[in-house]
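Topology and contacts: notes
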Amino acid sequence: QVFSHHCPFLMGPIECLTDAVTPDTDIQVVTLSIFELASAAGISCEVDPALVNVLAASKTDGSSPEEDYKVACLLLVFVAVSLPLLASDPASIYNTELDG
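Residues numbered from 1 in each chain as written. Predicted model: local features only at pLDDT ≥ 70, side-chain atom pairs only at ≥ 80, totals over all residues. Heavy atoms only, no water.

An unreviewed UniProt entry annotates the protein chain as NCKPL protein originating from Brachypteracias leptosomus.

1. So, the overall build of the protein chain
When helices and strands are tallied, the protein chain shows five helices and zero strands. When the elements of the protein chain are put in sequence order from the N terminus, they spell out α-α-α-α-α. For the protein chain, the residues scored as buried account for 17% of the 100 residues in total. Across the protein chain, contacts joining residues at least 24 apart in sequence account for 23% of those joining residues at least 6 apart. (Helix = DSSP H or I, 4+ residues; strand = E, 2+ residues; numbered from the N terminus. Buried < 20%, exposed > 50% of the residue type's maximum accessible area, 1.4 Å probe, protein only. Contact = heavy atoms within 4.5 Å.)

2. Comments concerning helix H5 (residues 65–88)
The end-to-end C-alpha distance of H5 is 35 Å, a good match for the 34 Å that 24 residues give at a rise of 1.5 Å each. The sharpest bend along H5 reaches about 25° and sits at Ser82, with the proline Pro84 one to four residues further on. A small share of H5 lies buried, amounting to two of its 24 residues. (Expected span 1.5 Å × (residues − 1). Bend = angle between axes of the 7 residues up to and from the residue.)

3. Thoughts on a nonpolar patch on the surface
A cluster of nonpolar side chains, contributed by Val77, Val81 and Leu85, occupies part of the molecular surface with about 300 Å² of accessible area. In this fold, Val81 is placed in helix H5. A residue is classified by how much of its surface remains accessible, and Val81, at 51% relative accessible area, is exposed. (Patch = residues over 30% accessible without salt bridge, like charges linked within 9 Å, V, L, I, M, F, W, Y side chains within 5 Å. Areas by Shrake-Rupley, 256 points an atom, 1.4 Å probe, with all protein chains shown as cover. Salt bridge = Lys/Arg side-chain N within 4 Å of Asp/Glu carboxyl O.)

4. Some remarks on helix H2 (residues 8–20)
With 13 residues, H2 should reach 18 Å at 1.5 Å per residue; the first-to-last C-alpha distance of 18 Å fits that figure. Turning to H2, its buried residues number three or more, namely Met11, Ile14 and Thr18. On an axial view of H2, the arc spanned by its buried residues comes to 65°, and they lie on one face. Seen from the buried face of H2, the exposed residues on the opposite side, beyond 90 degrees, are Phe9, Cys16, Asp19 and Ala20. (Arc of directions from axis to C-beta.)

5. Considering the environment of Ile14
Counting through the fold element by element, Ile14 comes out in helix H2. With 29 residues separating them along the chain, Ile14 and Ile43 place their C-alpha atoms 8.8 Å apart. The contacts of Ile14, once residues within four sequence positions are left out, are Leu37, Ala38, Ala41 and Ile43.

6. Looking at the confidence of the model for the protein chain
Interpretation of this model should avoid reading the predicted coordinates in detail wherever pLDDT is low. Here the protein chain averages 76 in pLDDT, and 80% of its residues register 70 or above. Mean pLDDT across the secondary structure elements of the protein chain bottoms out at helix H1 (residues 2–6), with 70, and peaks at H5, with 84. (pLDDT = per-residue confidence, 0-100.)

So, in structure tokens, the structure goes:
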């Protein structure tokens, strides 16, 4: 909020970019870069670029069991943080066909 008040010429283009790009369009390098830029500027994003980078890095062959354990712990923390927020959101619904 302070950043957008003092530097609206920087925050305006970043907000326009985040509005134009959605996670449904294409998760490529450009989309992730825009979400990473928005996260660094303090704008909330639909996709967490840090989590995407960790998961993408874990797909490489030869990963150690320690790294797999860290990724599993990060995913559990992500679910633990997201679940109460989604449960309290009135727009969230449970679809029995999708089990989610």
